[in-house]
Amino acid sequence: MKISMYQASAPRFVNALRNLSAILDKAQAHFDAKKVDAAVPGTLRLIADMFPLARQVQIACDTAKGATARLAGMEIPPREDTEKTLAELKARIAWTIDFVASVPAAKIDGSEEREVVMKMRSGEVKFAGLQYLMGHAWPNFYFHVATAYNILRQNGVEIGKRDFIGTP
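Presented here is an overview of the structure given in this document. (Residues numbered from 1 in each chain as written. Predicted model: local features only at pLDDT ≥ 70, side-chain atom pairs only at ≥ 80, totals over all residues. Heavy atoms only, no water.)

A count of helical and extended segments in the protein gives six helices and two strands. Put simply, the protein runs from its N terminus to its C terminus through helices and strands in the order α-α-α-α-β-β-α-α. At 16 Å, the protein has a C-alpha radius of gyration in line with the 15 Å of a compact globule built from 168 residues. Reported as C-alpha extents along the three principal axes, the dimensions of the protein are approximately 50 × 40 × 20 Å. (Helix = DSSP H or I, 4+ residues; strand = E, 2+ residues; numbered from the N terminus. Rg over C-alpha atoms; globule rule 2.2 N^0.38 Å.)

Shown next, in the form of structure tokens:
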């Protein structure tokens, strides 16, 4: 049995983003119970030289929407990085899920060899679709989702592996 590029991308991004949204629900309940100002959780970091929670979620969302669009040969829809609160981050996740879920499988399937061009600080990097998905998009996406999880766990939010994995 073969797995398609669509099966290996869009549904996986959606599943992990839904899990991240549910984790943010638990974080909201935790911080509300502790009477933490709504602006504080988005600023939390694992260590000083890493991005804060809000940026981790934004990058995870950008990676999911960007990978889906690139594999489908579409323009990446723009979105400003203005979210500061958990509620705003959840809205961004919902928007990202809606976009990713709207891309038809037929646009992504067969993209294994499609050229994907990434504009990086160091210049353009070119990948074949499968190489891009497995070697760049997935690791980058899961890095930022896991870092968001770790920031919340470090700050006392009662979450575990089951919350991260969810129901695949």
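Another aspect to go through is the layout of surface pockets. A probe matching the size of a water molecule, rolled over the atoms, marks out where space remains unfilled. Within this model, the largest pocket holds a volume of roughly 550 Å³. Taken together, 16 residues line the largest pocket, and the ones lying closest to its centre are Ile59, Met118, Met120, His136 and Asn140. Breaking the lining of the largest pocket down by element, the ones donating at least two residues are helix H2 (53-72), strand S1 (115-120) and helix H5 (129-154). Top element by residues in the lining of the largest pocket is H2. It accounts for seven residues. Looking at the lining of the largest pocket, its residues break down into six nonpolar, four polar and six charged. Put simply, the second largest pocket is a space of about 200 Å³. (1 Å grid on protein atoms, 1.4 Å probe; cavity = no way out; pocket = protein on both sides within 12 Å on 5 of 7 lines; lining within 4 Å. Points joined across faces, edges and corners; volume = space filled by probe spheres on them. Nonpolar A, V, L, I, M, F, W, Y, C, P; charged D, E, K, R; others polar.)

Ranked by size, the top nonpolar core spans 45 residues in total, and within it Val57, Ile93, Tyr132, Phe141 and Leu152 carry the most contacts. Mapped onto this core, the elements with two or more residues apiece are helix H1 (10-33), H2, helix H3 (86-102), S1 and H5. In this structure, Phe141 is in contact with Phe13, Ala16, Leu17, Ala60, Thr63 and Ala64, ignoring residues within four places of it in sequence. (Core = buried A, V, L, I, M, F, W, Y, C linked by side-chain atoms within 4.5 Å. Buried < 20%, exposed > 50% of the residue type's maximum accessible area, 1.4 Å probe, protein only. Contact = heavy atoms within 4.5 Å.)

Here the focus is the packing of aromatic side chains. For the structure shown, the criterion picks out four aromatic pairs. Consider the rings of Phe127 and Tyr132, whose centres lie 5.8 Å apart with planes at 50°: the pair is tilted. Residue Phe127 is classed as buried on the basis of its relative accessible area of 15%. Taking relative accessible area as the criterion, Tyr132 reaches 1% and is therefore assigned buried. (Phe/Tyr/Trp six-rings, centres within 6.5 Å; stacked < 30°, edge-to-face > 60°.)

The values reported here are purely geometric and, on their own, carry no functional implication.
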